[in-house]
Amino acid sequence: MADLDIPTARQLIDGAWTAAADGGELPVLDPATRETIQSVARARAVDVDHAVAAARRAAPGWAATSPSERGAILRRWADLIGAHVEQLAEHESRDVGKPRSGGRLNMYITQGIVDYFAGAADKLTGVTLPTRTPDYFGYTRPEPYGVCAVIIPWNVPAVLTVANVAPALAAGNTVVLKPSEIAPLSPFALAELGRRAGLPPGVLNVVTGLGPEAGVALTGHPDIDHISFVGSTVTGRAVMRAAAQHLVPVKLELGGKSPNVVFADADLDVAIPAIIASITENAGQNCYAGSRLLVEESIRAQVVERVAAGMAAIRTGPWDQDLDMGPLVSQAQYERVRGFLAEAPSAGARLVTGGEPATAAFDDGWYVAPTVFDQVDSDMRLAREEVFGPVLAVQGFRGVDEAVALMNGTDFGLLACIWTSDVSRALRVAGQARAGQVAVNQFHDAGVIGFPFNMQKESGFSRGGGYAALREYTQEKAVAVRL
Ligand code: NAD
C-alpha cells in the first residue's frame, strides 16, 4: 500500500489486510452526502477468532521485547503519524463529517498521545516492599495482561484508538481493536502506520464489524484478558455483562451530560466562545460536550443572548469546505437528535435559536442547526439524556448551593466546567463536583499534559489518559522471597 488508502472490504489481522471469512462487507458513508465512500470487511465471530488467535500468538514475543524497544517502535509510529497528518485527517473528516481543521487537530493530538506513551514505555516500575526482618525480600512487578480487546465509537476514532492502543502496547500487551462500523477509516490508517513503524504481525489487529456481531464476539471471547470499551452507557452495561462471563477486567468510558457552570463574576469574554465551542465542536458529538449551561440568574439573559448569537453564526458545511461545523454522523444520530428538538418545546423549553427545521447551507447531509433551549427543567429528557448533537440546554441558578445541586443532578459524571473569578469558590465547587474531570475557567483539559481521563457514576470507570493509562493496562504481581 503505497499511500494511506484503505483496501476495499478488508480488515487488518496478523499483519495482513484480509477479507472477512464469508466475504461480507460494510459500507462507510460520507455524512455530508449520505453516499458510500468505502467498504470494509464485515467481521463475524470467526474473524474475531482469527484476530484473537493472532494476538495470542504474538503476545509472548511482544511482552518479551524490551520496554525501550517497544517505546522506539511507538516513537516511529508517532513520527509516521506526524508525517501523514493530512491524509489521516482526510480519512477522519470524511468519515465522521467533521471539518478538515478538526480532523487535523485530532491528528496532532493522536500523534502527541503515541509520543507520550513511547516515552512512558520504559518508565513503568514496580516497588520493593518493607519486610519484617532482613531475611525477606518483597517486590511488585507490573505485567501486561496479554490480549486486550479495545472497542471504540465513531466520534473521535483516531484519538480513541491511540488513547487505548498506545498504552496497551507500551505495557507489553497485544490488541484486537474493533472500531465503530460507522467510522473505521482513521483507525485502519493508523494501524497501517503502526505496521510500517515495526509493530510485528499480530500485535495490533483491527476487525470491523457490527456491535451485535463482532463486538459481542469480542467481548464474550474466552481468550481475551482485558476489555476496554468506549461508547454509550447502554452498550457499556452489555459489555460489562459480557466481561462477567469470563471474569475479564473491564475499563468503561461512557456517555456524559457535562455542565458549564457560569457564576456572575465569570469573565464572559472568555467563557462564551468556550461554551459555544464545547457544544458545537464535532457537531456536539463529544462525550465531554458541554451540553448543559447552568448560569447564575443575574446574568442569565445576557449570557443566553450572547451564546445564542454565537451559535446562530456558526457556519455549517461539508468537511472539505472547512467551516465551523459539519453534519451529524449518521441517519440514526440525525433522527435521535431531531427527536429531542421536536420534543423539547412541548415539554416546556423555550427555543432561542436553531431547532426544527435544520438550517444548513447544504441539505444533502445529516445537518442540524446549532440549537439553544432556555428554561429547561431538570426532569426534561433534554436535561437528563445525552443528545450527542449541537443542542444546548440552559438552566438558571441562584447561589452556590443551587449551582452545585444542578451540576451534580445528572446520572453522568464525566466533566464539570466552572467559570468564576473567585478562586476559593472555584476550588470549593470543584471539590463538590461528582465528575471524574473538572475544568476551571476553560473548557476541558487544554494546557495540561497527560490529563487523566477519569469517569464517575454512569460515565464509567477508567483511569485513561496519561501515566495512569499505562497502569490500567498492567496487572501487578506481588513476590515474597525468603532469603
Ligand atoms: P455505541 O455504544 O453504540 O458503540 C460503541 C462501540 O461499541 C461501537 O464500536 C459498536 O460497534 C460497539 N458495540 C455496539 N454494541 C455492542 C455490544 N453489544 N457489544 C460490544 N460492542 C458493541 O456508541 P456510539 O454511538 O458509537 O458512540 C457514542 C457514545 O460514545 C456516546 O455515548 C459518547 O458519550 C460515548 N463516548 C464516550 C467517550 C468517553 O471517553 N467517555 C468518548 C467518546 C464517546
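Because the structure is predicted, anything quoted here is derived from the model rather than measured.

## Concerning the overall build of the chain
Assigned secondary structure in the chain consists of 15 helices and 24 strands. Scaling as 2.2 N^0.38, a compact globule of 483 residues should have a C-alpha radius of gyration of about 23 Å, and the chain matches this with 23 Å. Its C-alpha atoms put the chain at 70 × 60 × 40 Å along the principal axes. Counting over 483 residues, the chain shows a buried share of 55%.

## Considerations on the sheet that holds strand β15 (residues 371-374)
An order of β14-β15-β16-β13-β12-β18-β19 is seen for the 7 strands of this open sheet, with the pairing classed as mixed. The strands lining the two open edges of the sheet, one partner per strand, are β14 (350-353) and β19 (437-440). Neighbour-to-neighbour, the strand axes of this sheet turn through a mean angle of 25°, independent of strand direction. Contacts from helix α9 (residues 268-280) reach β12 (259-262), β13 (292-296), β16 (391-397) and β18 (415-419) within the one sheet, and its direction differs from that of β12 by about 165°.

## Looking at the nonpolar core
Soluble globular proteins tend to pack their nonpolar side chains together in the buried interior. Core analysis: the largest hydrophobic core is formed by 150 residues, its most contacted members being Leu 74 and Phe 117. Here this core spans two domains, since at least three of its residues come from each of domain 1 (10-254 + 455-477) and domain 2 (259-440). The residues contacting Phe 117, other than those within four sequence positions of it, are Leu 74, Ala 166, Pro 167, Ala 170 and Leu 470.

## With respect to the site of the ligand
Within the structure, the ligand sits among 30 residues, and Pro 153, Gly 211, Gly 215, Gly 231 and Cys 287 are positioned closest to it. Only α7 (211-219) and α8 (233-245) provide two or more residues apiece to the shell around the ligand. Tallying contributions element by element places α7 first for the shell around the ligand, with 5 residues. Residue composition of the shell around the ligand, grouped by class: 14 nonpolar, 12 polar and 4 charged.

## Examining the confidence of the model for the chain
As a note on interpretation, predicted positions should not be read in detail where pLDDT is low. On average, residues of the chain score 96 in pLDDT, and 98% of them are at 70 or above. Per-residue pLDDT, averaged within each element of the chain, yields its smallest value for strand β23 (residues 463-464) (81) and its largest for strand β8 (residues 174-178) (99). For this predicted complex, the interface confidence score (ipTM) comes to 0.97, while the overall pTM stands at 0.97.

## A short note on the pairing of β16
Within a regular strand, the side chains alternate between the two sheet faces. Along β16, 7 of the 7 residues are buried, which leaves the element largely enclosed by surrounding structure. Burial of β16 is two-sided: the residues Val 391, Ala 393, Gln 395 and Phe 397 facing one way and the residues Leu 392, Val 394 and Gly 396 facing the other way are all buried. Of the pairings in the sheet, the one linking β15 to β16 comprises 3 bridges and is parallel in character. Across the sheet, residue Phe 373 finds its bridge partner in β16, namely Ala 393.

## Examining the packing of α9 against helix α10 (residues 297-312)
Put simply, α9 and α10 touch, their axes get as near as 10 Å, and they point 50° apart. Looking at the two axes, α9 sits oblique to α10. Between α9 and α10 lies a crossing whose hand is right-handed. Along the contact surface, α9 presents Leu 268, Ile 272, Pro 273, Ile 275, Ile 276 and Thr 280, while α10 presents Val 303, Arg 306, Val 307, Gly 310 and Met 311. Among the residues making up the contact of α9 with α10, the classes are represented as 8 nonpolar, 2 polar and 1 charged.

## A few points about the domain arrangement of the chain
Under the domain assignment used here, the chain contains domain 1 (10-254 + 455-477) and domain 2 (259-440). Domain 1 and domain 2 are separated by 30 Å when their C-alpha centres are compared. Contacts between the two partners involve 24 residues from domain 1 and, on the opposite side, 26 residues from domain 2. Counting only elements with at least two residues in the side of domain 1 that touches domain 2, the list comes to α3 (85-96), α4 (100-120) and β21 (456-457). Take the side of domain 1 that touches domain 2: its biggest share by element is 4 residues, from α4. Among the residues forming the side of domain 1 that touches domain 2, the class breakdown is 9 nonpolar, 9 polar and 6 charged.

## Focus on the environment of Ile 275
Its place among the elements puts Ile 275 in helix α9. Ile 275 sits in the buried class, given 25 other C-beta atoms within 10 Å. Dropping the residues within four chain positions of it, Ile 275 is found in contact with Asn 260, Gly 290, Leu 293 and Val 307.

## With respect to the sheet that holds strand β24 (residues 474-482)
Read across the sheet, 3 strands follow the order β5-β6-β24 without closing on themselves; strand pairing throughout is antiparallel. If you trace the sheet from one side to the other, it starts and ends with β5 (128-129) and β24, each paired once. Bridge count between β5 and strand β6 (residues 136-144): 2 bridges; the pairing is antiparallel. Across the sheet, the residue bridging to Thr 128 is Tyr 139, located in β6.

## Brief notes about the UniProt feature "active site" (unreviewed entry) in the chain
In the numbering adopted here, UniProt assigns the feature "active site" (unreviewed entry) to Glu 253. Considering the arrangement of structural elements, one finds Glu 253 in strand β11 (residues 250-253). With residues near it in sequence (within four places) discarded, Glu 253 still touches Val 230, Phe 453, Met 455, Gly 460, Ser 462 and Gly 464.

## Concerning helix α13 (residues 399-408)
Burial in α13 covers these residues: Ala 403, Val 404 and Met 407. Axial view of α13: buried residues confined to an arc of 95°, hence all on one face. What points out from α13, more than 90 degrees from its buried face, is the exposed set Gly 399 and Asp 401. Those residues of α13 hidden inside the fold are in contact with β12, β13, β16, β18 and α14 (423-432).

Conventions we followed
- Residues numbered from 1 in each chain as written.
- Predicted model: local features only at pLDDT ≥ 70, side-chain atom pairs only at ≥ 80, totals over all residues.
- Helix = DSSP H or I, 4+ residues; strand = E, 2+ residues; numbered from the N terminus.
- Rg over C-alpha atoms; globule rule 2.2 N^0.38 Å.
- Buried ≥ 20, exposed ≤ 12 C-beta atoms within 10 Å, placed from the backbone.
- Pairing = 2+ DSSP bridges.
- Axes fitted to C-alpha atoms, helices over the stretch in contact; angles between N-to-C directions.
- Contact = placed C-beta atoms within 7 Å.
- Core = buried A, V, L, I, M, F, W, Y, C linked by C-beta atoms within 7 Å.
- Domains from an automatic or database assignment.
- Near = placed C-beta within 6 Å.
- Nonpolar A, V, L, I, M, F, W, Y, C, P; charged D, E, K, R; others polar.
- pLDDT = per-residue confidence, 0-100.
- Parallel < 35°, antiparallel > 145°, perpendicular 65-115°, else oblique.
- Left-handed = near helix turned anticlockwise from the far one by under 90°.
- UniProt positions renumbered as here; feature names shortened; annotations may be inferred.
- Arc of directions from axis to C-beta.

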